[in-house]
Amino acid sequence: MFSSSIFEGNLYHLSEKEPQRAPIGVFDSGVGGLTVLRQVYEQLPNESIIYFGDTARLPYGIRSQEEIIQFTREIIFWMESQGVKMVIMACSTSSALALQTVRSEFKVPILGLILPGAVSAVKAGKRIGVIATPATAKSNAYKLAIQEINSNAQVWQVGCPEFVPLIEQNRIDDPYTKEVALSYLEPLLEKDIDTLVYGCTHYPHLATLLRSLLGESVKLVDPGKSVVEACNQELELLGLKNTFPPVPTRFAVSGSSQQFAQSSVQWLGCTPMVESVNLEHLNSNHFRLC
Ligand SMILES: N[C@H](CCC(=O)O)C(=O)O
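Residues numbered from 1 in each chain as written. Predicted model: local features only at pLDDT ≥ 70, side-chain atom pairs only at ≥ 80, totals over all residues. Heavy atoms only, no water.

As named in an unreviewed UniProt entry, the chain is Glutamate racemase, taken from Calothrix parasitica NIES-267. Of the chain, the UniProt comment under Pathway (unreviewed entry) reads exactly: "Cell wall biogenesis; peptidoglycan biosynthesis." (UniProt positions renumbered as here; feature names shortened; annotations may be inferred.)

### Brief notes about a nonpolar patch on the surface
Taken together, the side chains of Leu115, Val119 and Ile149 define a hydrophobic patch exposed on the protein surface, amounting to about 250 Å² of accessible area. Tracing the backbone shows Leu115 in helix 5 (residues 114-124). Leu115 sits in the exposed class, given a relative accessible area of 56%. (Patch = residues over 30% accessible without salt bridge, like charges linked within 9 Å, V, L, I, M, F, W, Y side chains within 5 Å. Areas by Shrake-Rupley, 256 points an atom, 1.4 Å probe, with all protein chains shown as cover. Salt bridge = Lys/Arg side-chain N within 4 Å of Asp/Glu carboxyl O. Helix = DSSP H or I, 4+ residues; strand = E, 2+ residues; numbered from the N terminus. Buried < 20%, exposed > 50% of the residue type's maximum accessible area, 1.4 Å probe, protein only.)

### With respect to the site of the ligand
Not every one of the 13 residues close to the ligand is listed here, only the nearest: Ser29, Tyr60, Ser92, Thr93 and His202. Asp28 is positioned such that a nitrogen or oxygen atom in its side chain is 2.8 Å from a nitrogen atom of the ligand. The separation between a nitrogen atom of the ligand and a polar side-chain atom of His202 is 2.8 Å. With the chains in place, 99% of the 300 Å² that the ligand exposes on its own is no longer accessible. A per-class count over the shell around the ligand returns five nonpolar, seven polar and one charged. (Near = heavy atom within 4 Å. Polar contact = N/O pair within 3.5 Å; in protein donor to acceptor, adjacent residues only side chain to side chain. Nonpolar A, V, L, I, M, F, W, Y, C, P; charged D, E, K, R; others polar.)

### Here we look at the packing of aromatic side chains
Scanning the model with the defined rule gives seven aromatic pairs in all. Seen from their ring centres, Tyr51 and Phe260 are 6.0 Å apart, and the 25° between their planes marks the pair as stacked. Placement of Tyr51 in strand 2 (residues 49-53) and of Phe260 in helix 12 (residues 257-268) is noted, with a sequence separation of 209 residues between them. Phe260 matches Tyr51 in its accessibility class, with the two residues each being buried. Each residue in the set Tyr51, Phe251 and Phe260 is aromatic and connected to the rest through ring pairs, giving one cluster. (Phe/Tyr/Trp six-rings, centres within 6.5 Å; stacked < 30°, edge-to-face > 60°.)

Right under this line is the structure:
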């Protein structure tokens, strides 16, 4: 039923014959969203997916809010044109800076990472560290969401500008990445955190390294896992769960398809077919009218 959905007032009027069969759109600036895609495969194995990586314009984490809102609009506009039934922003930076604005501009339900991540963080601990892109950290989105749920929770955020470029360049095992990680974690370890939130979807790719630096006692919270749990609930509420066999994931990027195929193979376990999509033609005209 629509009435109990969090999308009340922004209903997605489904006109197709079998809306359950429509894909879910999942997007990020690059390979970060693959950590969310992995959760989708685990939790929602029947769903078909369109994955979009805005690789021509990454990293998002050093962009202005205006840019992030515009990029997010363009991606969701394209995804709607591809017939998605729901969109997961598999990008904390977009979720922090653009979700509120774009949610009211589209009919398709859009899920972001911040609230589901904050709910999981509050369940996990009270002394919470958040590592995030500079834009997400500056927005205070996770801190505000966590403290709105539990005003006694203490939250410390660290902007980590070097992580996304290092991950996109596949320098995960580079000793330099370890040095950088230590410098980002040190101020949080000094605060004796009991929980660390991956405030950027790229960071679960560093799970082994981060765990080795944090020790076993700090709980790691992945908002990607939480947003997919929320997606599962929404699909149920909206009667949109796919009961048919899914079609293979469609991958699309704004940059080099070859490069994305190469860099994602280690996370996907196979070489994906990747399309290049030009979002430029969607630019300002359509959105000036909104
Ligand atoms: N993975 C994204 C974007 C990172 C970036 O491009 O800076 C996020 O969760 O914030």
